[in-house]
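Below, each chain spelled out in residue letters.
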Amino acid sequence: MAINVIKPGLSTTVQDLGRPGYYHIGIPQSGGMDMLSLAAANLLVGNPAGAAVLEAVFTGPELEFTQDATVAVTGATIPAKVNGVEQAGWTSFKVRKGQMLSFGFLKAGARAYIAISGGIDVPVVLGSRSTYTLGALGGFEGRKLAAGDVLPLGAASGSAQGRSIPENLRRKPAIPAELRMLPGLYWHRITEAAGERFFEDTWKVAPEADRIGYRFKGGRPLDFVPQEQPFGAGSDPSNIVDACYPYGSVQVPSGTEPIVLHRDAVSGGGYFMIGTVISADMDLIGQLQPHMPTRFVKVTMEQALKARADRKTVLEAIASLLG
């Protein structure tokens, strides 16, 4: 059985928990930008946490169901409607055969996760159903959805409607958003004063914010420690001889506008990295809208590891609640 795409929304793709293990050959992880919301949506409808869902950006799709199914929408607040009747977010609900699932206007956040009982049953590519659009890899024909697409569904294990995740387990960005960052290998390239200003300033999400990376504007430019550039690095002090980019890397080309590399980012290049946003806060980036005020917060490795453990505890609490 399947779902008919009547309207695709602005940018709706199939995503799961990604395809780790291929970054060294230039294939990024892909997967949901907000992994916690993706997993929560799946658990609400009785799927495994890593089943394939739809990730909708800013606007939701319009879908016609050809079979009964249980649905849940988490992440951004984009009200879901069944035949025009609004449904609660972070709560499972039924959609009957022949009914239409549509969405209202965005109220908060940036990306909604639409889980359907049985999961989206597109082919597995390199261990994942996630879409990597730049490489035309995975998902539905390697691209975002279009009107007329027919999405196959897997076999549902059966799940009840009306299950909900409480507010205290729904993680959302604060205002201003705070992104915890571990200073990196190239921190020594900027002056001490510049490093202090970087964490003092309030930045704003730039319009150039997508699955590859989020750019931030509005802070003061960085000052670099004078040095002779190594051969092959170019004259700009933010350039380096090509290096690998960790997931979450914070680049600052020419020292002016930080870019946090996200799910579909390239795996290496010639910009220095002043640090890395910790894994526990990468979900938050996926929910930041353009112009959202944001601050970077310096943390230690111990604090980063504790934050990762805390995030794992939240996921375990959700699974226990819905198990």
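1. Things to note about the sheet that holds strand 3 (residues 53-57)
- The strand order across the open sheet built from five strands is 2-3-10-5-8, with neighbouring strands paired in antiparallel fashion. Two strands close off the open sheet at either side, each with one partner strand: strand 2 (12-15) and strand 8 (93-95). Recorded for the sheet is a direction-independent mean angle of 30° between the axes of neighbouring strands.
- As paired strands, strand 5 (residues 69-77) and strand 10 (residues 108-116) are joined by six bridges and run antiparallel to one another. Along strand 10, the bridge assignment pairs Val73 with Ile114.
- Along the sheet, helix 1 (residues 35-44) makes contact with strand 2, strand 3, strand 5 and strand 10, crossing strand 5 at roughly 155°.

2. Notes on the pairing of strand 20 (residues 293-298)
- In this sheet, strand 20 lies alongside strand 12 (residues 177-183) in parallel orientation, the contact comprising five bridges. Paired with Met181 across the strands is Lys298, a residue of strand 20.
- Looking at chain direction, strand 13 (residues 203-209) and strand 20 are connected through two bridges and run antiparallel. Residue pairing across strands places Trp203 opposite Thr294, the latter belonging to strand 20.

3. Concerning the pattern of salt bridges
- Summed over the entire model, instances satisfying the criterion amount to 18 salt bridges.
- Where Glu141 meets Arg143, a salt bridge forms, and the shortest distance between an N and an O atom there is 3.0 Å.
- Looking at Glu141, the relative accessible area reads 59%, which means it is exposed.
- Between Arg180 and Asp281 there is a salt bridge whose closest N-O contact spans 2.8 Å. Of this pair, Arg180 sits in strand 12 while Asp281 sits in the loop between strand 19 (273-277) and helix 3 (282-285); the two residues are 101 residues apart in sequence, bridging distant segments of the chain.
- Looking at Arg180, the relative accessible area reads 27%, which means it is partly exposed.
- Through salt bridges with shared partners, a single network forms among Glu55, Arg211 and Asp264.

4. Some points on helix 1
- Among the ten residues that make up helix 1, ten are buried, leaving the element largely enclosed by the rest of the structure.
- Taken as a whole, helix 1 has its buried residues at Met35, Leu36, Ser37, Leu38, Ala39, Ala40, Ala41, Asn42, Leu43 and Leu44.
- In this fold, the buried residues of helix 1 make contact with strand 2, strand 3, strand 5, strand 10, helix 3 and helix 4 (301-322).
- Immediately downstream of helix 1, the backbone of Gly46 shows phi near 85°, a positive value.

5. Describing helix 4
- The terminal C-alpha atoms of helix 4, which comprises 22 residues, lie 32 Å apart, in line with the 32 Å expected from a rise of 1.5 Å per residue.
- Within helix 4, the full set of buried residues consists of Ala304, Ala307, Arg311, Ile318 and Leu322. Summarising the axial view, the buried residues of helix 4 lie within an arc of 60°, below the 170-degree limit, and thus occupy one face. Residues of helix 4 that are exposed and point more than 90 degrees away from the buried face comprise Glu302, Lys306, Lys312 and Ser320.
- Of the surrounding elements, those touching the buried residues of helix 4 are helix 1, strand 12 and helix 3.

6. Some points on the sheet that holds strand 16 (residues 249-251)
- Read around the closed barrel, seven strands run 12-19-16-17-14-13-20, paired in mixed fashion. Geometrically, the sheet is characterised by an average inter-axis angle of 40° between neighbouring strands, direction not taken into account.
- The strands that helix 2 (residues 192-200) touches are strand 12, strand 13, strand 16, strand 19 and strand 20; relative to strand 20, the one it contacts most, it runs at about 130°.

Cut-off values and rules
Residues numbered from 1 in each chain as written. Predicted model: local features only at pLDDT ≥ 70, side-chain atom pairs only at ≥ 80, totals over all residues. Heavy atoms only, no water. Pairing = 2+ DSSP bridges. Helix = DSSP H or I, 4+ residues; strand = E, 2+ residues; numbered from the N terminus. Axes fitted to C-alpha atoms, helices over the stretch in contact; angles between N-to-C directions. Contact = heavy atoms within 4.5 Å. Salt bridge = Lys/Arg side-chain N within 4 Å of Asp/Glu carboxyl O. Buried < 20%, exposed > 50% of the residue type's maximum accessible area, 1.4 Å probe, protein only. Expected span 1.5 Å × (residues − 1). Arc of directions from axis to C-beta.

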